[in-house]
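# Tertiary structure, described
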Amino acid sequence: DQQVKQNSPSLSVQEGRISILNCDYTNSMFDYFLWYKKYPAEGPTFLISISSIKDKNEDGRFTVFLNKSAKHLSLHIVPSQPGDSAVYFCAAAGGGFKTIFGAGTRLFVKA
Amino acid sequence: EAGVAQSPRYKIIEKRQSVAFWCNPISGHATLYWYQQILGQGPKLLIQFQNNGVVDDSQLPKDRFSAERLKGVDSTLKIQPAKLEDSAVYLCASSLVPLNTEAFFGQGTRLTVV
């Protein structure tokens, strides 16, 4: 039962361009969403989050958009840098449910 | 601020053997999590502690996995006996509060069961 889905296993982007990572969820009780970044041989690190009362949250080059009606969120990275190459996990929480992670999207930023 | 510490980093054992992992969370973090991450999947919560009490262990295979958090600080996760399908990275994380907040992860322990 995959309540949080990241349908793109990988994404390749040119340096300086926009990276868009997508995430879909099925449980309408989720009301808090997070993105984590993971480098090889390290644990995930928190990147950005958004509450369901908002539809956008921005932090520097990173912006998360939430579309509650579509149960969809996306992470935009502008401009993309080679150091952004990592695995990105979407996670959803709330409604008394434990945090559920997606399977991740591996981002490659080419110099 | 020191991060979440885990040991060992790597462990290789034979099936049916036992293994234990240790975690020291960030000081002051009342909530501690153990996650299992199988290759190609996202982290899956095994158990969540609030101080030294268990909040959620619904996905912990209790016939072989056990975890404790004595004195509400350090925690150990044990597998006995291990199966081949237990091969994964075991991640420990901690957070200040249990809900709607980011967790801080350790580097994980990569377990290979042969």
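Our subject is the structure listed above.
Before going into details, it helps to say that this report is about the structure given with it. (Residues numbered from 1 in each chain as written. Chains lettered and ligands numbered in written order. Predicted model: local features only at pLDDT ≥ 70, side-chain atom pairs only at ≥ 80, totals over all residues. Heavy atoms only, no water.)

This part takes up the interface of chain A and chain B. At the junction of the two partners, chain A supplies 18 residues and chain B supplies 19 residues. For the chain A and chain B pair, buried surface summed over both sides reaches about 1,400 Å², with 58% attributable to carbon and sulfur atoms. A per-residue breakdown of the area chain A buries against chain B is headed by A:P44, A:K98 and A:F101, which together make up 36% of the total. Residue A:K98 pairs with B:D56 through a salt bridge whose shortest N-O separation is 3.6 Å. At the junction of chain A and chain B, the tally comes to 3 residue pairs in polar contact (both at pLDDT 80 or more). Within the residue set of the side of chain A that touches chain B, elements represented by two or more residues are β4 (32-38), β9 (86-94) and β10 (97-101) of chain A. By residue number, the principal contributor to the side of chain A that touches chain B is β4(A), which donates 4 residues. (Contact = heavy atoms within 4.5 Å. Buried area = accessible area lost by both parts, 1.4 Å probe. Salt bridge = Lys/Arg side-chain N within 4 Å of Asp/Glu carboxyl O. Polar contact = N/O pair within 3.5 Å; in protein donor to acceptor, adjacent residues only side chain to side chain. Helix = DSSP H or I, 4+ residues; strand = E, 2+ residues; numbered from the N terminus.)

Before going further, it helps to examine the sheet that holds strand β7 (residues 62-67) of chain A. Residues and elements named next belong to chain A. With antiparallel pairing, 5 strands are arranged side by side in an open sheet as β1-β3-β8-β7-β6. Two strands lie at the open edges of the sheet, namely β1 (4-5) and β6 (56-59), each paired on one side alone. Both β7 and strand β8 (residues 72-77) contribute to a ladder of 6 bridges, which runs antiparallel. Directly across from L66, in β8, lies its bridge partner L73. (Pairing = 2+ DSSP bridges.)

Let's shift gears to the state of the cysteines. According to the stated counting rule, one finds 2 disulfides over all chains in the structure shown. The disulfide that involves A:C23 links it to A:C90, with 2.0 Å between the sulfurs. Around the S-S axis, the bridge from A:C23 to A:C90 shows a dihedral of about -70° and counts as left-handed. Taken together, the residues A:C23 in strand β3 (residues 19-25) and A:C90 in strand β9 connect sequence positions 67 residues apart. Judged by relative accessible area, A:C23 falls into the buried class, the value being 0%. The class for A:C90 is buried, based on a relative accessible area of 1%. A sulfur-sulfur separation of 1.9 Å characterises the disulfide bridge that pairs B:C23 with B:C92. Taking the sign of the torsion about the S-S bond as the criterion, the disulfide between B:C23 and B:C92, at about -65°, is left-handed. You can see B:C23 sitting in strand β3 (residues 19-24) and its partner B:C92 sitting in strand β9 (residues 88-95), a full 69 residues away along the chain. (Disulfide = S-S within 2.5 Å. Buried < 20%, exposed > 50% of the residue type's maximum accessible area, 1.4 Å probe, protein only.)

Remember that the coordinates give geometry; whether it matters functionally is a separate question.
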